[in-house]
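This is what each chain is made of:
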Amino acid sequence: AERSIRIDAPAPAAAHPLADAGLSIRLLSFTARGDLQERNLAYVEAATPTDVRQAATIVWEEPPEAAASAYLAASLKGAGANVIGNGIPGLPNYILSGMVQRFELVGGATGTATVALDVAISDARSGEPWLAGSYCAKAAASDRGLPAVQNAFQAALAEIAGHLVTDMAARKNGAALAQPA
């Protein structure tokens, strides 16, 4: 039986909104708030809502900050950006960094994956901020099984990646960024 959760890379995008933008991005390693770093999955059972439990055998195959960073890198590549990994030679136009604020399964009988990321993109040469945003998404898990929980986290990350790509394309094209509803 599965005993770890792995966040898989997204499927290639049908559209490539960043392909003509000439975006070359160095993706720095993401960080996470202290209690999120490399922890096992925390959860709450509906019958005992005040007891936060930590799974003994359900662990992340990679820590949340590594999973979020890898997912966004794959999403940006899929959207047509040239993503240069940390430590790989290359001269990017922009530097992307991020912090994981939330990466947790919350409430209910099946739970909801809640992911919140702060993302900052700066000009690689001048260091001037180019884009900064806080992104949060939630996706319900169909049950508490590992495949359902993994799918819920991937759905939340996909929503965040979609908003980030849209914001980057709008910023590159000089359009105003969409405001959250």
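Novice: Just checking my understanding: could you explain the nonpolar core for this structure?
Specialist: One broad trend across soluble globular proteins is that nonpolar side chains are buried collectively. Among the nonpolar cores identified, the biggest contains 43 residues, and Leu 18, Leu 76, Leu 96, Leu 117, Ile 121, Leu 164 and Met 168 are the most heavily contacted of them. In terms of residue count, the dominant contributor to this core is helix H2 (residues 146-172) (11 residues). Apart from residues no more than four positions distant in its own chain, Leu 164 is found in contact with Leu 72, Leu 76, Leu 96, Val 119, Ile 121, Leu 131 and Tyr 135.

Novice: Explanation requested: the side chain of Thr 114 in the structure shown.
Specialist: Relative to the assigned elements, Thr 114 resides in strand S9 (residues 112-123). Residues within four places of Thr 114 in sequence aside, it is in contact with Arg 102, Phe 103, Glu 104, Val 106, Cys 136, Ala 137, Lys 138 and Phe 153.

Novice: Help me understand the pattern of salt bridges, please; the structure alone is not making it clear to me.
Specialist: Under the definition given, this model contains one salt bridge. Residue Arg 102 pairs with Glu 104 through a salt bridge whose shortest N-O separation is 2.6 Å. For Arg 102, a relative accessible area of 29% puts it in the partly exposed group.

Novice: Where do I start with the environment of Ala 132 in this structure?
Specialist: Of note, Ala 132 is situated in strand S10 (residues 129-140). Taking relative accessible area as the criterion, Ala 132 reaches 62% and is therefore assigned exposed. When the C-alpha positions of Ala 132 and Leu 96 are compared, they lie 9.4 Å apart, and in sequence the two are 36 residues distant.

Novice: Before we go on, may I ask you to explain the packing of aromatic side chains in this structure?
Specialist: What the rule picks out here adds up to two aromatic pairs. The interplanar angle of 40° and the centroid separation of 4.4 Å between the aromatic rings of Tyr 94 and Trp 130 together place this pair among those described as tilted. Note that Tyr 94 is positioned in strand S8 (residues 94-106) and Trp 130 in strand S10, a separation of 36 residues in sequence. Each member of the pair Tyr 94 and Trp 130 is classed as buried. Between Phe 103 and Phe 153, the ring centres sit 4.9 Å apart and the planes meet at 20°, which makes this aromatic pair stacked. Pair noted here: Phe 103 is in strand S8 and Phe 153 is in helix H2, with a separation of 50 residues, a long-range link. Exposure class is identical for Phe 103 and Phe 153. Each is buried.

Novice: Explain H2 to me, please; I cannot follow it from the model alone.
Specialist: Note: α-helices contain 3.6 residues per turn, so residues at a spacing of three or four share the same orientation. Over its 27 residues, H2 runs 38 Å from end to end, which matches the ideal 39 Å to within 8%, given 1.5 Å per residue. Following H2 by one or two positions, Gly 174 has its phi on the positive side, about 80°.

Novice: In this structure, what is going on with the environment of Gly 98? I would like to understand it.
Specialist: By the element assignment, Gly 98 lies in strand S8. Gly 98 sits in the buried class, given a relative accessible area of 12%. As for Gly 98 and Gly 133, which are separated by 35 residues in sequence, their C-alpha atoms are 9.6 Å apart. In this view, Gly 98 contacts Phe 30, Thr 31, Asp 118 and Val 119; residues no more than four positions away in its chain are not counted.

Novice: Could you clarify how one ought to interpret the pairing of S9 in this entry?
Specialist: Side chains on a regular strand alternate between the two faces of the sheet. Of the strand pairs in this sheet, S8 and S9 are connected by 12 bridges, and their pairing is antiparallel. Of the residues in S9, the one forming a bridge with Met 99 is Asp 118. Where S8 folds back on S9, the antiparallel hairpin that results is connected by five residues, among which Gly 107 adopts a positive phi of roughly 55°. Pairing of S9 with S10 involves 11 bridges; the strand directions are antiparallel. In the strand pairing of S10, Ala 120 is matched with Ala 132. Turn length for the S9-S10 hairpin, with the two strands adjacent in sequence and antiparallel, is five residues, and the turn residue Gly 127 shows positive phi of about 80°.

Thresholds, definitions, all that
Residues numbered from 1 in each chain as written. Predicted model: local features only at pLDDT ≥ 70, side-chain atom pairs only at ≥ 80, totals over all residues. Heavy atoms only, no water. Core = buried A, V, L, I, M, F, W, Y, C linked by side-chain atoms within 4.5 Å. Buried < 20%, exposed > 50% of the residue type's maximum accessible area, 1.4 Å probe, protein only. Helix = DSSP H or I, 4+ residues; strand = E, 2+ residues; numbered from the N terminus. Contact = heavy atoms within 4.5 Å. Salt bridge = Lys/Arg side-chain N within 4 Å of Asp/Glu carboxyl O. Phe/Tyr/Trp six-rings, centres within 6.5 Å; stacked < 30°, edge-to-face > 60°. Expected span 1.5 Å × (residues − 1). Pairing = 2+ DSSP bridges.

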